[in-house]
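Survey of secondary and tertiary structure
Listed below, chain by chain, are the residues.
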Amino acid sequence: MTSIPTRVSLDQRRTVARTLGLPVALLRTVTVDATEGVTATLFVKDREGRTIRHGDGPLTTTVHIPCGDERQEVSTP
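We now turn to the structure provided with this report. Here the structure is a predicted model, which is why all the values come from computation and not from measurement.

Summed over the entire model, instances satisfying the criterion amount to two salt bridges. The closest approach of N and O atoms between Asp46 and Arg50, which form a salt bridge, is 2.9 Å. Of the residues examined, Asp46 reaches a relative accessible area of 24% and is grouped as partly exposed. Its salt-bridge partner being Glu48, residue Arg50 comes within 3.1 Å of it at the nearest N-O pair. Judged by its relative accessible area of 57%, Glu48 is exposed. Counted as one network, the salt bridges with shared partners bring together Asp46, Glu48 and Arg50.

Scoring rules and cut-offs
Residues numbered from 1 in each chain as written. Predicted model: local features only at pLDDT ≥ 70, side-chain atom pairs only at ≥ 80, totals over all residues. Heavy atoms only, no water. Salt bridge = Lys/Arg side-chain N within 4 Å of Asp/Glu carboxyl O. Buried < 20%, exposed > 50% of the residue type's maximum accessible area, 1.4 Å probe, protein only.

Quick look at the structure:
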(Lines give C-alpha, C1' and ligand atoms only; values in the text may rest on other atoms or scores of the structure.)
Protein backbone atom coordinates (compact mmCIF):
# COMPACT_ATOMS: atom_id res chain seq x y z
CA MET A 1 0.00 0.00 0.00
CA THR A 2 1.23 3.50 -0.81
CA SER A 3 1.87 5.65 2.24
CA ILE A 4 -0.17 8.83 2.60
CA PRO A 5 1.74 11.96 3.60
CA THR A 6 1.08 13.39 7.04
CA ARG A 7 1.60 16.99 5.89
CA VAL A 8 1.45 19.10 2.74
CA SER A 9 4.04 21.83 2.40
CA LEU A 10 3.37 25.42 1.36
CA ASP A 11 5.31 24.84 -1.87
CA GLN A 12 3.16 21.79 -2.65
CA ARG A 13 -0.06 23.77 -2.04
CA ARG A 14 1.18 26.58 -4.27
CA THR A 15 2.11 24.09 -6.99
CA VAL A 16 -1.38 22.56 -6.87
CA ALA A 17 -3.00 26.00 -7.24
CA ARG A 18 -0.71 27.00 -10.12
CA THR A 19 -1.21 23.66 -11.87
CA LEU A 20 -4.98 24.17 -11.71
CA GLY A 21 -4.67 27.76 -12.93
CA LEU A 22 -5.94 29.23 -9.65
CA PRO A 23 -4.57 32.51 -8.29
CA VAL A 24 -2.47 31.49 -5.29
CA ALA A 25 -2.86 34.85 -3.52
CA LEU A 26 -6.68 34.63 -3.62
CA LEU A 27 -7.11 30.96 -2.78
CA ARG A 28 -8.88 30.10 0.45
CA THR A 29 -9.89 26.48 -0.15
CA VAL A 30 -9.66 23.95 -2.94
CA THR A 31 -11.37 20.57 -3.21
CA VAL A 32 -10.50 18.05 -5.89
CA ASP A 33 -13.15 15.43 -6.64
CA ALA A 34 -11.97 12.58 -8.85
CA THR A 35 -15.23 12.51 -10.83
CA GLU A 36 -16.72 16.00 -10.43
CA GLY A 37 -13.70 18.28 -10.85
CA VAL A 38 -12.36 21.12 -8.74
CA THR A 39 -14.21 23.49 -6.42
CA ALA A 40 -12.28 26.51 -5.15
CA THR A 41 -13.17 29.30 -2.76
CA LEU A 42 -11.38 32.58 -3.48
CA PHE A 43 -11.09 35.83 -1.55
CA VAL A 44 -12.63 38.84 -3.31
CA LYS A 45 -10.39 41.91 -3.49
CA ASP A 46 -11.20 45.54 -4.30
CA ARG A 47 -9.45 47.54 -7.03
CA GLU A 48 -6.66 48.47 -4.62
CA GLY A 49 -6.01 44.79 -3.83
CA ARG A 50 -7.55 44.75 -0.36
CA THR A 51 -9.70 41.82 0.72
CA ILE A 52 -13.33 42.95 0.90
CA ARG A 53 -14.98 42.35 4.27
CA HIS A 54 -18.50 40.99 4.58
CA GLY A 55 -20.02 40.74 8.03
CA ASP A 56 -17.47 39.21 10.40
CA GLY A 57 -15.20 37.80 7.72
CA PRO A 58 -13.78 38.19 4.25
CA LEU A 59 -15.99 38.14 1.16
CA THR A 60 -15.40 35.00 -0.89
CA THR A 61 -16.65 33.50 -4.11
CA THR A 62 -16.79 29.84 -5.09
CA VAL A 63 -15.92 28.54 -8.54
CA HIS A 64 -16.35 25.05 -9.97
CA ILE A 65 -14.10 23.66 -12.70
CA PRO A 66 -15.60 20.44 -14.10
CA CYS A 67 -13.56 17.48 -15.25
CA GLY A 68 -12.59 17.34 -18.91
CA ASP A 69 -13.92 14.84 -21.43
CA GLU A 70 -11.27 12.26 -20.66
CA ARG A 71 -12.50 9.22 -18.79
CA GLN A 72 -10.62 8.00 -15.76
CA GLU A 73 -11.47 4.95 -13.80
CA VAL A 74 -11.67 5.75 -10.12
CA SER A 75 -10.85 2.84 -7.87
CA THR A 76 -10.88 2.43 -4.13
CA PRO A 77 -8.81 0.00 -2.12
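Further notes follow.
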